[in-house]
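Per-entry structural report
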Amino acid sequence: MHNGTTITQFIIEEQRHIDNATGDFTSLLNDVVTACKVISNAVNHGALIDVLGSAESENIQGETQKKLDIISNDIFLKSNEWSGHVAAMASEEMEDVYQIPSQYPRGKYLLVFDPLDGSSNIDVNVSVGTIFSILRCPEGIENPTAEDFLQPGSKQVCAGYALYGPSSMMVLTTGNGVNGFTLDQNIGEFILTHGAMSIPEDTQEFAVNASNMRFWEAPLKRYIEECLAGSEGPRGRDFNMRWIASMVAEVHRILTRGGVFMYPVDSKMKAKGLEGKLRLLYEANPMSMIIEQAGGMSSTGRERIMDIEPSDLHQRVPVILGSRNEVQRAIDYHLRDDAESAA
Ligand code: AHM
Ligand code: MG
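Residues numbered from 1 in each chain as written. Chains lettered and ligands numbered in written order. Predicted model: local features only at pLDDT ≥ 70, side-chain atom pairs only at ≥ 80, totals over all residues. Heavy atoms only, no water.

For the rest of this paragraph, the subject is the pairing of strand 3 (residues 86–91). Strand 3 sits mainly inside the fold: six of its six residues count as buried. As paired elements, strand 3 and strand 5 (residues 109–117) share five bridges and run parallel to each other. Counterpart to S91 in the pairing with strand 5 is F113. Across two bridges, strand 3 lies against strand 4 (residues 98–99) in antiparallel orientation. Note on strand 4: the bridge partner recorded for A88 is Q99. Here strand 3 folds back onto strand 4, and the loop between the two strands holds six residues. (Buried < 20%, exposed > 50% of the residue type's maximum accessible area, 1.4 Å probe, protein only. Helix = DSSP H or I, 4+ residues; strand = E, 2+ residues; numbered from the N terminus. Pairing = 2+ DSSP bridges.)

Structure below.
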């Protein structure tokens, strides 16, 4: 028998401190939590319910979709369209903004999500997750368009992720610190297990897909080469490397024991006119809010991610986030390199 704080209790208690709170936001978050429980259940059952493998379709980014990408996207839409709290939704898996069906009332929030991040891991039974972000719908807008979603990350009302790993967890911020909840499968509730999560300032662990190293820009190459040189190199200490290829799992590790995560822009992407791999609205902004709220730092290497004014719903950005002293060092290398090239 548990007697811990459920996520619902936690959210309601947080909202009590906010003047004029109507309860809309609490209800919206409850629906998001429900969606994540349903996705968690589908991920857990995997091959038993025939949800693994490719769907043989492509998303707007030209990436092959997994069956679970589409199932998770539908679960998110269906869980959140009916309540009257959401004005419109946008997802990594959909080209256009999702309008609330006409039989339902519209609310004051915009819901943005990556329904199943890291889904290339799903068939090999490695952790995946859901990432979400909540924005306010601009005043007076009845039918939100893509433009209404183009708000900098600093305007997010809430950001969170669900991690479907050895245990399912939900990690959440509403701008007042970061808290983690573990799903108790027996009672179907997320219970507060990781209060006030915070990221150590220093770390000896980095996460990057090093197979792309030859395509990177000079400052990132320098940063990683110095880490790899270990105690014999300029850093004078050994570093450890991890790469799960699942951003949610990577960020969760950093929130738990520190580290730095990097998905830089490289010359292959630039040749295709892309500014990175990860998406600003669905991945970079929500994760940046969580990382900053836990005392970490998040940057493209040249600017704070949450300051970027988005220009496109599916915009991509380079991402460097985690323990602040290492992120700051990577930024310094970028800025120094830029200054030298300009001189
Ligand atoms: P996805 O949204 O299509 O799953 O892509 C995002 C994922 C991140 O979770 C992860 O950090 C990265 O892609 C892994 O990329 P790679 O396969 O190049 O290592
Ligand atoms: Mg993703």
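It is worth spelling out the site of ligand 1 at this point. Close contacts around ligand 1 come from 17 residues, with E92, D117, G118, M247 and Y263 the closest. Contact between ligand 1 and D114: an oxygen atom at 3.3 Å from a side-chain N or O atom of the residue. Within the side chain of D117, a nitrogen or oxygen atom sits 2.7 Å from an oxygen atom of ligand 1. Compared with its free state, where it exposes 470 Å², ligand 1 has 84% of that area covered by protein. For the shell around ligand 1, the secondary structure elements donating two or more residues are strand 5, strand 13 (260–263) and strand 14 (278–279). Grouping the amino acids of the shell around ligand 1 by side-chain chemistry returns six nonpolar, four polar and seven charged. In this structure, the shell around ligand 1 is formed jointly by two domains, domain 1 (7–194) and domain 2 (205–342), each of which donates at least three residues. (Near = heavy atom within 4 Å. Polar contact = N/O pair within 3.5 Å; in protein donor to acceptor, adjacent residues only side chain to side chain. Areas by Shrake-Rupley, 256 points an atom, 1.4 Å probe, with all protein chains shown as cover. Nonpolar A, V, L, I, M, F, W, Y, C, P; charged D, E, K, R; others polar. Domains from an automatic or database assignment.)

Before going further, it helps to spend a moment on the domain arrangement of the protein. Domain boundaries in the protein define domain 1 (7–194) and domain 2 (205–342). Taking the mean C-alpha position of each, domain 1 and domain 2 sit 24 Å from one another. Counting from both sides, the interface comprises 46 residues of domain 1 and, opposite them, 31 residues of domain 2. Taking both partners together, domain 1 and domain 2 bury about 2,800 Å²; carbon and sulfur atoms supply 64% of that area. When the buried surface of domain 1 facing domain 2 is broken down by residue, I131, L150 and Y161 rank first, second and third, together holding 20% of it. Connecting domain 1 to domain 2 are one salt bridge. (Contact = heavy atoms within 4.5 Å. Buried area = accessible area lost by both parts, 1.4 Å probe. Salt bridge = Lys/Arg side-chain N within 4 Å of Asp/Glu carboxyl O.)

Metal coordination angles in their ideal form are 109.5 degrees for the four-donor tetrahedron and 90 or 180 degrees for the six-donor octahedron. Binding of the magnesium ion (ligand 2) to the protein goes through E92 (OE), D114 (OD), D117 (OD) and E283 (OE), at separations of 1.8 to 2.8 Å. Considered as a linear motif, the donors of the magnesium ion (ligand 2) on their single chain read E-x21-D-x2-D-x165-E. Here D114 lies in strand 5 and E92 lies in the loop between strand 3 and strand 4, a separation of 22 residues in the sequence. Each of the two residues, E92 as well as D114, counts as buried. (Donors = N, O, S within 2.8 Å, 3.2 Å for Na, K, Ca; no water.)

Here the structure, examined in full by the defined rule, presents 17 salt bridges. A salt bridge links D50 to K67; the shortest N-O distance between them is 3.3 Å. Note that D50 is positioned in the loop between helix 2 (24–45) and strand 1 (54–58) and K67 in helix 3 (residues 67–80), a separation of 17 residues in sequence. A residue is classified by how much of its surface remains accessible, and K67, at 27% relative accessible area, is partly exposed. Here K78 ties to E81 by a salt bridge, and the two come within 3.8 Å at their closest N and O atoms.

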